[in-house]
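Observations on the model geometry
What follows is the residue order along each chain.
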Amino acid sequence: VPGVSGAGSLAVRRPGGQVEGRTDGGAEDARLEVQQEAVRQRTSSGKDIYGLLLSKDLDGENSGLRLVTVLAVTEKRRAFETMRIREEQLRKLVDGSADIIYEADFRGRFTFVNRDVRSLLGFEPEQLIGRHYTELIPEAWRPIVMEHYRSESQAAGLPTYLEFPALAIDGK
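These figures come from a predicted structure and were not determined experimentally.

**Some thoughts on the layout of surface pockets**
Estimated volume of the largest pocket: approximately 1000 Å³. If you go around the largest pocket, you meet 34 residues; those closest to its centre are Ile 100, Tyr 102, Tyr 149, Leu 162 and Phe 164. Only strand E6 (102-104), strand E7 (110-113), helix H2 (116-121) and helix H4 (142-154) provide two or more residues apiece to the lining of the largest pocket. A total of six residues in the lining of the largest pocket trace back to one element, the largest contributor, which is H4. When its residues are assigned to classes, the lining of the largest pocket shows 22 nonpolar, six polar and six charged.

Structural data, given as structure tokens:
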């Protein structure tokens, strides 16, 4: 972090463990690498709190000193863990379905296809990403399906459901 400067109180710990305070903001040429470490502390009530410990050896007139900062990340960690669990639950639900579940962009190109497309149509999900959804619809059904999605995109509210035949990897 080049150009560390500023006024205020600064606590630093010498390698031997002594703590010193500075108030002049010194160390303007401190250019050494910042080290990071995730830390966890259990409170007396048994709750875990998390932090990100950042430390940097100073040089110049402050050589031998280390600047240490702890960022509280407990709430962000909890939010991330909650989101990870919900994403995993959604993935299990989508991949455990007996239907093909997909998402397409505004142009009608697949952006997501669940794994069941393998057993039902013979495609790997990655084979369909970027392809237009109509490529998997029999010719006679295309106008019906296209009109359904055109109407759905213009209507407000919840998406509707339409069941229609799809072409497998062998074209049948």
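**Comments concerning the confidence of the model for the chain**
Scored by pLDDT, the chain has a mean of 80; 79% of the residues are at 70 or more. Counted against residues more than four places away or in other chains, residues 1-14, with its pLDDT under 50, gives 45 contacts. Contacts for the low-pLDDT stretch residues 18-32, under 50 throughout, to residues beyond four places or in other chains number 47 contacts.

**So, the packing of aromatic side chains**
Under the counting rule described, the total for this entry stands at two aromatic pairs. Ring geometry for Tyr 102 against Phe 110: centres 5.2 Å apart, planes inclined by 85°, an arrangement best described as edge-to-face. Given a relative accessible area of 6%, Phe 110 falls into the buried group. When the ring of Tyr 133 is compared with that of Tyr 149, the centres are 5.4 Å apart and the planes differ by 80°; the resulting orientation is edge-to-face. With Tyr 133 in the loop between helix H3 (125-128) and H4 and Tyr 149 in helix H4, the pair connects residues that are 16 residues apart, well separated along the chain. Its relative accessible area of 12% is what places Tyr 133 among the buried residues. Across from the ring centre of Tyr 50, 3.9 Å away, lies the NZ or CZ of Arg 77, which sits over that ring.

What counts and how
- Residues numbered from 1 in each chain as written.
- Predicted model: local features only at pLDDT ≥ 70, side-chain atom pairs only at ≥ 80, totals over all residues.
- Heavy atoms only, no water.
- 1 Å grid on protein atoms, 1.4 Å probe; cavity = no way out; pocket = protein on both sides within 12 Å on 5 of 7 lines; lining within 4 Å.
- Points joined across faces, edges and corners; volume = space filled by probe spheres on them.
- Helix = DSSP H or I, 4+ residues; strand = E, 2+ residues; numbered from the N terminus.
- Nonpolar A, V, L, I, M, F, W, Y, C, P; charged D, E, K, R; others polar.
- pLDDT = per-residue confidence, 0-100.
- Contact = heavy atoms within 4.5 Å.
- Phe/Tyr/Trp six-rings, centres within 6.5 Å; stacked < 30°, edge-to-face > 60°.
- Buried < 20%, exposed > 50% of the residue type's maximum accessible area, 1.4 Å probe, protein only.
- Lys NZ or Arg CZ within 6 Å of the ring centre and 35° of its normal.

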